[in-house]
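The primary structure of each chain is shown beneath.
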Amino acid sequence: RGTGRSRPLLDCPEVERATSAFLARVQSSRADALDLEAALRACHDRLLAEGQDLRAFTSAASAQDVRDVMRALGYSSWNVYGVSYGSRLALTVMRDAPDGVRSVVLDSTLPVGESLEASFGRNLERALRRLLADCAADERCAAAFPGLDAEVFDVVARLNATPLVVTAPGPDGGAPVTTAITGDRLLIGLRSALADVQLLPLVPLLVSRTASGDTSLLASAASGLAAGPIQAEGMHQSVVCAEDVPFLTPEVLARAADGVRPEIRAVADDFVVQQALDVCAFWGAGPAREIESSPVRSDLPTLILAGELDPITPPDWGREAAQSLSRSEVVELPGL
């Protein structure tokens, strides 16, 4: 609902244009967030002018859609496979529309009651530290990249003080694209790299070369590191503002940020958490339901997959979801 080929499609090209524009400028994470907020407000106003009801786009509504679509296609039973946010939707199907569901796979689990926004910094730091520890424990990696732990945050500090500005040809030979990599943007980019099976192995090399003064690899990866995900942003905001942000009390935010390294916490607070709070203040999503802060309970057979180095949906979230799923099995995949 609101994504892919469905109609209406709640995408926000305003956000893509704003992202390309502010990434070409040297500015703070808070300024980046304010630019995105302005783009989201423009998208919000356009969607309302088109007659869209932004309260109608929730996981609960999509869960009913899943059942309706499968019945319309003539199936009497089916298996559900949900990845990342799709796992939140799958859990909602298990809770609200379980009739006909034979089994479930939750891949990179986002439990009902957890918040990507509040946990942004904690989950990024956990994955980054796990990667650094794995490298230090591996004889060849430790020999090739000694002192990697300190180098990461040295690079962040240096890029915040003196950003790297790169101009490269655009996609498919298009107009040149300028990208300014600050330390804060590098941290956000590392989150994307840790979630990408092709980029993940290059993170130690990228950090080490940049720390030594060789920025060629960082320059070649600049546009990919800095770019955000392409998604139906309007749908994303409607879900977040109905199901996550209403439960982000100061106490919840304080617990999520406790012990997070200051550099990461600053980015999380300025770029992620405050933006979510500000956008949801005007978005006009559906009313928050208390059930969206409670674990899903089910006896449906469920396989839960988790990647050891996942910086967005950590393995602990899969184990957390399993606690209230009586017929579940968790498999954590090392190094992924």
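Above this text is the structure in question.
Before going into details, it helps to say that this report is about the structure given with it. Here the structure is a predicted model, which is why all the values come from computation and not from measurement.

Criteria and thresholds
Residues numbered from 1 in each chain as written. Predicted model: local features only at pLDDT ≥ 70, side-chain atom pairs only at ≥ 80, totals over all residues. Heavy atoms only, no water. Core = buried A, V, L, I, M, F, W, Y, C linked by side-chain atoms within 4.5 Å. Buried < 20%, exposed > 50% of the residue type's maximum accessible area, 1.4 Å probe, protein only. Helix = DSSP H or I, 4+ residues; strand = E, 2+ residues; numbered from the N terminus. Pairing = 2+ DSSP bridges. Axes fitted to C-alpha atoms, helices over the stretch in contact; angles between N-to-C directions. Contact = heavy atoms within 4.5 Å. Parallel < 35°, antiparallel > 145°, perpendicular 65-115°, else oblique. Left-handed = near helix turned anticlockwise from the far one by under 90°. Nonpolar A, V, L, I, M, F, W, Y, C, P; charged D, E, K, R; others polar. Disulfide = S-S within 2.5 Å.

**As for the nonpolar core**
Working step 1: Among the nonpolar cores identified, the biggest contains 68 residues, and Leu186 and Trp283 are the most heavily contacted of them.
Working step 2: At 10 residues, the largest contribution of residues to this core is made by helix H13 (residues 262–283).
Working step 3: Formed by 18 residues, the second largest nonpolar core is a distinct cluster that contains Val80, Val101, Val104 and Leu325.

**Looking at the sheet that holds strand S6 (residues 328–333)**
Working step 1: Taken together, 4 strands build an open sheet; the order of strands is S1-S2-S5-S6 and the sheet is parallel. Either end of the sheet is taken by a strand with one partner, and the two such strands are strand S1 (78–83) and S6. Each adjacent strand pair in this sheet contributes to an overall mean axis angle of 15°, direction not counted.
Working step 2: Helix H14 (residues 315–322) rests against strand S5 (302–307) and S6 of the sheet, and its axis sits at about 175° to S6.

**Looking at the packing of helix H1 (residues 13–23) against helix H2 (residues 29–49)**
Working step 1: Close contact between H1 and H2 brings their axes to 8 Å; oriented N to C, the two are set at 160°. Classified by the interaxial angle, the pair formed by H1 and H2 is roughly antiparallel. In this structure, H1 meets H2 at a crossing whose hand is right-handed. Contacts between H1 and H2 involve Pro13, Glu14, Val15, Ala18, Thr19 and Phe22 on the former and, on the latter, Asp32, Asp35, Leu36, Ala39, Leu40, Ala42, Cys43 and Arg46.
Working step 2: Of the residues in the contact of H1 with H2, the class split is 9 nonpolar, 1 polar and 4 charged.

**With respect to the state of the cysteines**
Working step 1: Scanning the entire structure with this criterion turns up 3 disulfides.
Working step 2: Residue cysteine 12 pairs covalently with cysteine 43 via a disulfide, S to S 2.0 Å. Taking the sign of the S-S torsion, -70° for the link of cysteine 12 and cysteine 43, the bridge is left-handed. Note that cysteine 12 is positioned in the segment before H1 and cysteine 43 in helix H2, a separation of 31 residues in sequence.
Working step 3: According to the relative accessible area criterion, cysteine 12 is buried, its value standing at 3%.

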